[in-house]
Amino acid sequence: MKVYVFSDMEGVAGIEEWDDRTDQSYANVLLRRRNQHLLTQELNAAAAGAFDAGATEVVIKMGHADSILFEELDERVKFIRRGVTWLQGLDEAVDVCFFVGAHSRSGTADGVLAHSWSHKDVKAWYVNDLEVGEIGVAALAAGYFHIPFAFLAGDAAACRETQALIAHVVTAPVKKGYGTHSALHLSKEQARTLIRQKARETLGKVPEIQPFSVPPRATSPRYVFRQVTTYTNLETSDDGKGTRVIAPDTYEHYGDDLVAVLRRGTY
Ligand SMILES: [Zn+2]
């Protein structure tokens with residue numbers, strides 16, 4: 001069984017601050033190195049759980065720039081450091097998708113570092129009429145290839161958001177948010193043990209989990225990925241290639257191929 005693992009940074013135990021990639025101060029370099037280590041070890045725990053349960057291949061896709069320590073990764077995994085797109089390596093050969101380090105969507109009150117792609121620019125995302133965050137987009141992309149999105153590790157709000165979308169999904173809540181920058185964290189070992197155990201359980205549950213989808217619209221464009229921004233001065237336009245501005249704060253990526261539409265919105 002081939003496992004594909006989406007990864008992000010904000011849902012890791014021990015992390016409750018935005019990753020500042022511009023601050024080159026010694027303190028920030030140390031903090032970033034620590035956070036990269038914590039994420040890498042949670043990914044290793046998920047991979048170990050999958051291998052415990054008989055996975056034959058685990059591919060980890062780095063979702064958050066410069067967030068994984070390659071030299072610390074479990075020697076059995078394969079790694080996509082920089083994809084051409086966010087969804088690189090996701091295709092029909094994958095049997096099940098995991099997500100580690102996940103956070104809830106923009107606007108979630110008890111979500112640690114809740115956001116959808118950019119906490120500065122994006123207020124809300126919708127695919128057709130379903131409100132989603134990065135979890136929903138990842139699950140939809142997996143569903144497009146008929147792959148069940150079956151396991152997620154992140155904060156409690158991210159786990160709740162996933163359970164609301166996908167019946168029988170397995171989750172590992174590694175911290176519980178009090179607010180954007182505040183949480184009750186499991187210790188690093190408790191978090192890794194929970195992730196490994198839940199990831200192991202997941203492979204047995206894959207047959208119960210349906211690939212996630214949203215109903216296509218009745219007429220073309222079948223899919224619309226609407227992005228409500230924090231801007232107020234966008235000008236109505238249509239580039240004729242699949243992106244249009246429909247309101248001073250809202251644009252849409254549209255088309256008949258769901259993954260093409262999602263890719264336009266995430267790069
Ligand atoms: Zn993210």
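Residues numbered from 1 in each chain as written. Predicted model: local features only at pLDDT ≥ 70, side-chain atom pairs only at ≥ 80, totals over all residues.

Asks: Please clarify how helix H5 (residues 258-266) should be interpreted in this entry.
Replies: Within an α-helix, residues lying three or four positions from one another point in the same direction, as the helix has 3.6 residues per turn. For H5, the set of buried residues is Leu258, Val261, Leu262, Arg263 and Gly265. Buried positions along H5 lie against helix H2 (134-144), strand S10 (223-229) and strand S13 (250-255). (Buried ≥ 20, exposed ≤ 12 C-beta atoms within 10 Å, placed from the backbone. Helix = DSSP H or I, 4+ residues; strand = E, 2+ residues; numbered from the N terminus. Contact = placed C-beta atoms within 7 Å.)

Asks: For this particular structure, what's the right way to read the nonpolar core?
Replies: Proteins that are soluble and globular tend to have nonpolar side chains buried together. Core analysis: the largest hydrophobic core is formed by 74 residues, its most contacted members being Val5, Ala46 and Phe98. Counting residues per element, this core draws most heavily on helix H1 (residues 26-52), which supplies 9 residues. Counting residues domain by domain, this core receives three or more from each of domain 1 (2-208) and domain 2 (223-266). Setting aside its immediate chain neighbours within four residues, Ala46 contacts Val5, Phe98, Val100, Ala153, Ile195 and Ala199. (Core = buried A, V, L, I, M, F, W, Y, C linked by C-beta atoms within 7 Å. Domains from an automatic or database assignment.)

Asks: Mind showing me how you'd approach the domain arrangement of the protein here?
Replies: Interfaces are often sized by the amount of accessible area the parts lose when they come together. Segmenting the protein into domains produces domain 1 (2-208) and domain 2 (223-266). The gap between the C-alpha centroids of domain 1 and domain 2 is 25 Å. Listed per partner, the contact involves 17 residues of domain 1 and 13 residues of domain 2. When contributions to the side of domain 1 that touches domain 2 are tallied by element, the ones reaching two or more residues are strand S5 (122-127) and H2.

Asks: Is there a simple way to explain the sheet that holds S10 in this structure?
Replies: Sheets are built from strands paired through backbone hydrogen bonds, the pairs being either parallel or antiparallel. Ordered in space as S6-S5-S10-S13-S12-S11, the 6 strands form an open sheet in which the pairing is antiparallel. Unpaired on one side and paired on the other, strand S6 (130-132) and strand S11 (237-238) mark the two borders of the sheet. Pairing analysis gives 2 bridges linking S11 to strand S12 (residues 243-247), with the strands arranged antiparallel. By the bridge assignment for S12, Asp238 is matched with Arg244. (Pairing = 2+ DSSP bridges.)

Asks: For this particular structure, what's the right way to read the packing of H2 against helix H3 (residues 156-165)?
Replies: To characterise two packed helices, one gives the angle between the axes of the helices and the distance between these axes. In the contact formed by H2 and H3, the axes pass within 10 Å of each other and the chain directions differ by 40°. Classified by the angle between their axes, H2 and H3 sit oblique to one another. Note that H2 runs across H3; the crossing there is right-handed. Residues Ile135, Gly136 and Ala139 of H2 form the contact with H3, whose participating residues are Ala158, Glu161, Thr162 and Leu165. Of the residues in the contact of H2 with H3, the class split is 4 nonpolar, 2 polar and 1 charged. (Axes fitted to C-alpha atoms, helices over the stretch in contact; angles between N-to-C directions. Parallel < 35°, antiparallel > 145°, perpendicular 65-115°, else oblique. Left-handed = near helix turned anticlockwise from the far one by under 90°. Nonpolar A, V, L, I, M, F, W, Y, C, P; charged D, E, K, R; others polar.)

Asks: I'm lost on the packing of H2 against H5 in this one. Help?
Replies: Between H2 and H5, whose axes approach to 10 Å, the crossing angle comes to 150°. In terms of axis orientation, H2 runs roughly antiparallel to H5. By crossing handedness, the relation of H2 to H5 is classed as left-handed. Facing Val137, Leu140, Ala141 and Tyr144 of H2, the residues of H5 in contact are Leu258, Val259, Leu262 and Thr266. In terms of residue class, the contact of H2 with H5 is made up of 7 nonpolar, 1 polar and no charged.

Asks: What is the right way to look at the sheet that holds strand S8 (residues 170-179) in this model?
Replies: Sheet architecture is open: 7 strands sit in the order S3-S2-S1-S4-S7-S8-S9, paired in mixed fashion. The sheet terminates laterally at strand S3 (78-80) and strand S9 (182-185), the two strands that pair on one side only. Recorded for the sheet is a direction-independent mean angle of 25° between the axes of neighbouring strands. Bridging between strand S2 (residues 57-61) and S3 involves 3 bridges; their strand directions are parallel.

Asks: When you look at the environment of Ser106 in this model, what are you seeing that I'm missing?
Replies: Within the secondary structure, Ser106 sits in the loop between strand S4 (96-102) and S5. C-alpha of Ser106 to C-alpha of His119: the two residues are 13 residues apart in sequence and 7.1 Å apart in space. Contacts of Ser106, omitting those with residues within four sequence positions, involve Ala114, His115, Ser116, Val122, Lys123, Ala124 and Gly133.

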